[in-house]
Amino acid sequence: MESFELASAVADQLAEHVTDVVMSPGSRNSPLAYALLARGDIQVHMRIDERAAAFTALGLARVQKRHVGVVMTSGTAVANALPAVVEAHMSHTPLAVISADRPEHLVGTGASQTIWQQGIFGRYAETQQVQLLDHAYGISFSAPQVHINVALDVPLVPENVASIGKKLRRVGPGSLTRTNRFVDHGVVDVDLTRDTLVIAGDEAWEVPGLEHVPTIAEPTAPTPFHQVHPLAARFFAQSEVAISHDGGDFAASTKPEQVIVVGHPTLHRDVMALMADPAIEVIGLSRSEIFTGNPSVRGSSVRVTGQPTDTWLKICEAAGDVGAETVRSALESDEFGFTGLHVAAAVCDTLAVGDAFVLGASNPVRDASLVGMPFDGVDTYAPRGAAGIDGTLSQAVGVALATQALRPDEIRAPRTVALVGDLTFLHDVNGLLIGPDEPRPGNLTIVVANDNGGGIFETLEVGADHVREYFERAFGTPHNADIEAIAAGYGAHYRRAESVAQLQQILVDVEAQPAPITIVEAITTRDTRRALAQRLQK
């Protein structure tokens, strides 16, 4: 079997499982390029940068909920996919890496662009080796993360290239998935007459039986009926609190008797502290092999008896109202200036039903939580698996492409909005490098909260006054980057906002007349972030 025949056999296998592949140029993977581009039933997206390609595929897969392929040449090109594979593994997002390789007899000989690719992703994706002696029938997509390493020998170019003539498929999310990858850990009996609080994180789902239980939900979780503001976690950590509600004051026992953790919460330290409180029974619900924290009881579903008491519902509502009012009051104050929290509030206020929303893993996802996310009707995505800032713009592009592909008959492309910090933006700006002949987002707005550095560190231990001698250089990391020039370099539209009012008006204007990609730079301050965080925690 020649290399092109082997690549064609691999492409046949891929077509049974994927509708999209993201591919980077290279010589060793040229048989795969010819085989994939000749097909009409797989949408190919070309990217120069393998890391951006892998994260774009991850963004597509987040929406499609099935494998998306990322194809690259041999050598360090493969290693560039590792961050995306790690995030895919930790977030249980299907992803298929198809790497071209040199023949095995060249590995370890010093041949150009030849490294040990088998097993390169370690525990995050097991390598399936395909070579000329095989017929590619052994490729398996039973695992969420797949690494198909294809050893290709010369000649790498076919004698002629002919289109196969198949048409692109229009399919819904996950409709090609053949196996149910959820893990069933069994049923947990839950007595809801006990004061119960649900904490819903990333990968959470609507658990039958818990619909009316007060819930602290992270932005990527389903929107609960009784949503409780995350700042209320400070109330729940105490045995008794004086609360003013509906014109009256009362002392209430606020510590929950049991906390039910759904999915993978990671955002708020006070919320995480509730899960570690020895006085609270913690029940963990997961549909994967991971349970956040160390729950004393584990399962995947519940069998409930009783219902929450009116007193407990009143306590949770009052505590949540205090948390929300605390944020509103801080945002209305002039003492903090224009911060990333103000940006998140303005962005979230302009979201509409049907929008897709991508949040950076640093301050933006936390700020969105503080201003009221999740919202009904808004599909929200954030890289909370490994919580890295790398690849966020590429994932936003992938989310936008997949979202508009699922709704091709709309007159205007559905809107995708990304909210990121300046470091997150700069870390993955190459994700905006899309060739002129490639599928492009039709309505992607990227809001960059630019405080010229690492604003999140202002709120952490390293931002304390007594250790600030090296703060700016090691953690603040100012860069003075020209975001407008960068936007122009990548062919994106650009707008600039220096106040909440300006930002709100720009977002309204962009929604009314969208460009394929618009970068909105919000010039914010981080000088007040520590004081603002302390104000919210009081």
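Only a predicted model underlies this, so the values are computations on that prediction, with no experimental measurement involved. (Residues numbered from 1 in each chain as written. Predicted model: local features only at pLDDT ≥ 70, side-chain atom pairs only at ≥ 80, totals over all residues. Heavy atoms only, no water.)

J.: Is there a simple way to explain the overall build of the protein in this structure?
T.: From N to C terminus, the protein includes 16 helices and 21 strands. A globule of 538 residues ought to have a C-alpha radius of gyration of about 24 Å, and the protein, at 25 Å, matches this closely. Along the first, second and third principal axes, the C-alpha set of the protein runs to 85 × 55 × 50 Å. Of the accessible surface of the protein, which amounts to about 22700 Å², a share of 51% is contributed by carbon and sulfur atoms. The averaged location of the 64 negative side-chain charges in the protein is 2 Å from the averaged location of its 39 positive side-chain charges. (Helix = DSSP H or I, 4+ residues; strand = E, 2+ residues; numbered from the N terminus. Rg over C-alpha atoms; globule rule 2.2 N^0.38 Å. Areas by Shrake-Rupley, 256 points an atom, 1.4 Å probe, with all protein chains shown as cover. Lys, Arg positive; Asp, Glu negative; His and termini not counted. Charge placed at Lys NZ, Arg CZ, Asp CG, Glu CD.)

J.: Please clarify how the sheet that holds strand β9 (residues 215-217) should be interpreted in this entry.
T.: Hydrogen bonds between backbone atoms are what pair the strands of a sheet, whose relative direction is either parallel or antiparallel. One open sheet holds the five strands; their spatial order is β9-β8-β12-β13-β14, and the pairing between them is parallel. Among the strands making up the open sheet, the edge pair consists of β9 and β14 (297-299). Averaged over all pairs of adjacent strands, the angle between their axes in this sheet comes to 20°, without regard to strand direction. Sheet analysis places strand β8 (residues 196-200) next to strand β12 (residues 258-262), joined by five bridges and oriented parallel. Note that in β12 the partner of Ile199 across the bridge is Val261. (Pairing = 2+ DSSP bridges. Axes fitted to C-alpha atoms, helices over the stretch in contact; angles between N-to-C directions.)

J.: Whenever I open this one, the UniProt feature "domain: Thiamine pyrophosphate enzyme N-terminal TPP-binding" (unreviewed entry) in the protein confuses me. Can you help?
T.: If you check UniProt for "domain: Thiamine pyrophosphate enzyme N-terminal TPP-binding" (unreviewed entry), the listed places come out as residues 6-115 in our numbering. As annotated, residues 6-115 has a helix share of 43% and a strand share of 17%, and its two end C-alpha atoms lie 21 Å apart. (UniProt positions renumbered as here; feature names shortened; annotations may be inferred.)

J.: Hey, could you run me through empty space enclosed by the protein in this one?
T.: The rolling of a water-molecule-sized probe over the atoms marks out the regions of remaining empty space. One pass over the structure, following the stated rule, counts one cavity of 30 Å³ or more. Put simply, the largest cavity is a space of about 30 Å³. Every residue lining the largest cavity is listed: Arg62, Val358, Tyr381, Ala382, Pro383, Thr392, Gln395 and Val399. With three residues, helix α11 (residues 392-406) is the largest single contributor of residues to the lining of the largest cavity. In terms of residue class, the lining of the largest cavity is made up of five nonpolar, two polar and one charged. (1 Å grid on protein atoms, 1.4 Å probe; cavity = no way out; pocket = protein on both sides within 12 Å on 5 of 7 lines; lining within 4 Å. Points joined across faces, edges and corners; volume = space filled by probe spheres on them. Nonpolar A, V, L, I, M, F, W, Y, C, P; charged D, E, K, R; others polar.)

J.: So what exactly am I meant to see when it comes to the pattern of salt bridges here?
T.: Proximity of charged atoms lets side chains of opposite charge pair with each other. Counting across every chain of the model gives 20 salt bridges. With its nearest N and O atoms 2.8 Å apart, the salt bridge here joins Arg269 to Glu461. Of this pair, Arg269 sits in helix α7 (residues 269-275) while Glu461 sits in the loop between β19 (444-450) and α13 (471-476), and the two are 192 residues apart along the sequence. By the burial criterion, Arg269 is exposed, and Glu461 matches it. Notably, a salt bridge pairs Glu335 with Arg535, separated by 3.1 Å at the nearest N-O pair. On the criterion of sequence distance, the pair formed by Glu335 in the loop between α8 (310-332) and α9 (340-349) and Arg535 in helix α16 (residues 529-537) is long-range, its members being 200 residues apart. (Salt bridge = Lys/Arg side-chain N within 4 Å of Asp/Glu carboxyl O. Buried < 20%, exposed > 50% of the residue type's maximum accessible area, 1.4 Å probe, protein only.)

J.: Would you take a moment to explain the sheet that holds strand β3 (residues 69-72) for this structure?
T.: Overall, parallel pairing links the six strands, which are arranged β2-β1-β3-β4-β6-β5 in an open sheet. Edge positions in the sheet fall to β2 (43-46) and β5 (127-130), since each has one partner strand and no second. Looking at each pair of strands side by side, their axes are set apart by 20° on average, direction ignored. When β5 meets strand β6 (residues 145-151), the two strands line up parallel, connected through four bridges. Each residue of the ladder has a partner; that of Gln129, found in β6, is Asn149. Across the sheet, helix α3 (residues 50-64) is in contact with β1 (20-23), β2, β3 and β4 (95-101); its angle to β1 comes to roughly 165°. With respect to the sheet, helix α5 (residues 82-91) is in contact with β4 and β6, its orientation differing from that of β4 by roughly 150°. (Contact = heavy atoms within 4.5 Å.)

J.: Hey, could you run me through the packing of aromatic side chains in this one?
T.: How two aromatic rings sit relative to each other is given by the distance of their centres and the angle of their planes. This model, assessed by the stated rule, comprises three aromatic pairs. With 5.8 Å between their ring centres and 50° between their planes, Phe236 and Trp312 make a pair best called tilted. Of the two residues, Phe236 is situated in helix α6 (residues 233-236) and Trp312 in helix α8; the sequence distance between them amounts to 76 residues. When its relative accessible area of 0% is taken as the criterion, Phe236 is described as buried. We classify Trp312 as buried; its relative accessible area is 1%. (Phe/Tyr/Trp six-rings, centres within 6.5 Å; stacked < 30°, edge-to-face > 60°.)

J.: Sorry if this is basic, but what is going on with the layout of surface pockets here?
T.: Here the second largest pocket is characterised by a volume of approximately 590 Å³. The set of elements that each furnish at least two residues to the lining of the second largest pocket consists of α7, α10 (363-370) and α16. Taken together, the residues of the lining of the second largest pocket sort by class into 10 nonpolar, four polar and seven charged. There are two domains that each give the lining of the second largest pocket at least three residues, and those are domain 2 (187-325) and domain 3 (334-537). (Domains from an automatic or database assignment.)

J.: Help me understand the side chain of His89, please; the structure alone is not making it clear to me.
T.: Mapped onto the fold, His89 is located in helix α5. By relative accessible area, which is 17% here, His89 ends up buried. One polar contact links His89 to Gln145, side chain to side chain, over a distance of 3.4 Å. Residues within four places of His89 in sequence aside, it is in contact with Arg123, Tyr124 and Gln145. (Polar contact = N/O pair within 3.5 Å; in protein donor to acceptor, adjacent residues only side chain to side chain.)

J.: Hey, could you run me through the packing of α3 against α11 in this one?
T.: When two helices pack together, you describe them by how their axes are tilted relative to each other and by the distance separating the axes. For the pair α3 and α11, interaxial distance at closest approach is 7 Å and the crossing angle is 40°. The angle between α3 and α11 falls in the class oblique. The chirality of how α3 crosses α11 is right-handed. Here Ala52, Phe55, Thr56, Leu58, Gly59, Leu60, Arg62, Val63 and Gln64 of α3 come into contact with α11, specifically with Ser394, Gln395, Gly398, Val399, Leu401, Ala402, Thr403 and Leu406. Grouping the amino acids of the contact of α3 with α11 by side-chain chemistry returns nine nonpolar, seven polar and one charged. (Parallel < 35°, antiparallel > 145°, perpendicular 65-115°, else oblique. Left-handed = near helix turned anticlockwise from the far one by under 90°.)

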